[in-house]
Amino acid sequence: MSPRSSPFQVFAEAVRPFAIETSILDRKVTLTGHPIGVGLVAQMFERCDRQPTMDGLPSVAADVVGIALRNDLAFRLVGLPHPLRPLSLSQVLFMQTLLDGDRDLVLATGPTGSGKTHIAVAAGISAVASHARKKLVLSRPHAFESGDRIPAVARAELVGDFQLVPLEDELKELLGAGEFQHRRDAGLIEIVPIGQMRGRTFNDAFIVVDDAQNLTVQTMRMVVARLGRRSRMVILGDPLHAALPDGEASGFQHLIGLVSGTDIADVVSIAAGHIVRNATVARLEQLYTKAFPRTL
């Protein structure tokens, strides 16, 4: 079976974001690329003997990936009471980047519901529990819908009260409410509004900035300047869901452009097909994307 034939194309697509290449020597096909992707594609070809028809190949691929996600690709992280079971190969790649990479800045771009925040927060919890970092710092901006007219005092109260709830929810899901509060009281976890980061320097910290597509260029510049000694910053964003005033550029997209082609940051891109929050959400996002296409 030629590696350039449809079966290889189906299997290679199924293991994205892991890029797989092939070579042929003496009629022997060799797969090269990330070990996880190579291993999964090899398993898919082995299963072809039991499902030789082209129509059945996507089912074979999905079955192999699904079994691997449930069993072989779970992360057993220090500091978490249960194994973290990824729901997509994009989550696996993102977590491996956070666990194995050595760059101080990591950018993850992908659609809402793809699990970016869940993976980043889990990696941060583990970094503190394993004493790789002393503190987990979490932050996110609050985007008000255009047309809102909210007094300055009320706006500040809303930001403080509601802006950070999604981050608290992630921590409670991963740790349990009691353990989350215990670690927060012990100073191991700090949740801080974006506005209160100004003027501070976070040393020896694992910093997660969520919903970064709603930061302006100047605010993003301020945020990345908070990165202190022995610290790591993970910035997450969904460029298709920016809620900034008309004409205001997204600092997240601007930052991706700045670091492109450099070794300043690791950039992980999660495909639109890897929404894991809910199958209905994934289908709706596809419809919205078609109805309101945007140039990134």
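Just above, that's the structure.
Residues numbered from 1 in each chain as written. Predicted model: local features only at pLDDT ≥ 70, side-chain atom pairs only at ≥ 80, totals over all residues. Heavy atoms only, no water.

Asks: Got a sec to walk through the overall build of the chain? Specific residues and values, please.
Replies: Across its full length, the chain holds eleven helices and eight strands. The 296 residues of the chain split such that 44% are buried. Of all intrachain contacts in the chain linking residues separated by at least 6 positions in sequence, the fraction that spans at least 24 positions is 69%. Within the structure as shown, the chain displays about 15,900 Å² of accessible surface, and the carbon and sulfur contribution to it stands at 51%. (Helix = DSSP H or I, 4+ residues; strand = E, 2+ residues; numbered from the N terminus. Buried < 20%, exposed > 50% of the residue type's maximum accessible area, 1.4 Å probe, protein only. Contact = heavy atoms within 4.5 Å. Areas by Shrake-Rupley, 256 points an atom, 1.4 Å probe, with all protein chains shown as cover.)

Asks: So what about helix α5 (residues 116-129)? Which residues, and what values?
Replies: Between the first and last C-alpha of α5 there are 20 Å, a value that for 14 residues agrees with the 20 Å anticipated at 1.5 Å per step. Within α5, 13 of the 14 residues are buried, which leaves it mostly tucked inside the rest of the structure. Positive backbone phi, approximately 70°, marks H131, located one or two places after α5. (Expected span 1.5 Å × (residues − 1).)

Asks: Please set out the packing of aromatic side chains residue by residue, giving values where relevant.
Replies: Inspection of every chain in the model, using the stated rule, returns one aromatic pair. Arranged with centres 5.1 Å apart and planes meeting at 90°, the rings of F11 and F45 form a pair that is edge-to-face. Of this pair, F11 sits in helix α1 (residues 6-14) while F45 sits in helix α2 (residues 35-47), and the two are 34 residues apart along the sequence. A relative accessible area of 24% places F45 in the partly exposed class. (Phe/Tyr/Trp six-rings, centres within 6.5 Å; stacked < 30°, edge-to-face > 60°.)

Asks: A description of the environment of R184 should follow, citing residues and the corresponding values.
Replies: Among the secondary structure elements, R184 is positioned in helix α8 (residues 177-185). Since its relative accessible area comes to 29%, R184 is described here as partly exposed. For the pair R184 and K135, spaced 49 residues apart in sequence, the C-alpha separation works out to 9.7 Å. Apart from residues lying up to four places away in sequence, R184 is in contact with E168, I189 and I191.

Asks: So what's going on with the packing of helix α9 (residues 217-224) against helix α10 (residues 251-259)? Which residues, and what values?
Replies: One way to put it is that α9 packs onto α10 with a least axis distance of 8 Å and a crossing angle of 65°. α10 is crossed by α9, and the crossing has right-handed handedness. Of α10, the residues touching α9 (which contributes V217, M220 and V224) are G251, F252, H254 and L255. Its residues placed into classes, the contact of α9 with α10 shows five nonpolar, two polar and no charged. (Axes fitted to C-alpha atoms, helices over the stretch in contact; angles between N-to-C directions. Left-handed = near helix turned anticlockwise from the far one by under 90°. Nonpolar A, V, L, I, M, F, W, Y, C, P; charged D, E, K, R; others polar.)

Asks: Can you lay out the pattern of salt bridges for me, pointing to particular residues and giving the numbers?
Replies: Scanning all chains against the criterion turns up ten salt bridges. Residue D204 pairs with R230 through a salt bridge whose shortest N-O separation is 3.9 Å. Taken together, the positions of D204 in the loop between β5 (189-191) and β6 (205-209) and R230 in the loop between α9 and β7 (232-237) put the pair 26 residues apart, joining distant regions of the chain. On the accessibility criterion, D204 (11% relative accessible area) is buried. Classification of R230 by relative accessible area gives exposed; the value is 53%. One network of salt bridges, in which partners are shared, links K135, E190 and R200. (Salt bridge = Lys/Arg side-chain N within 4 Å of Asp/Glu carboxyl O.)

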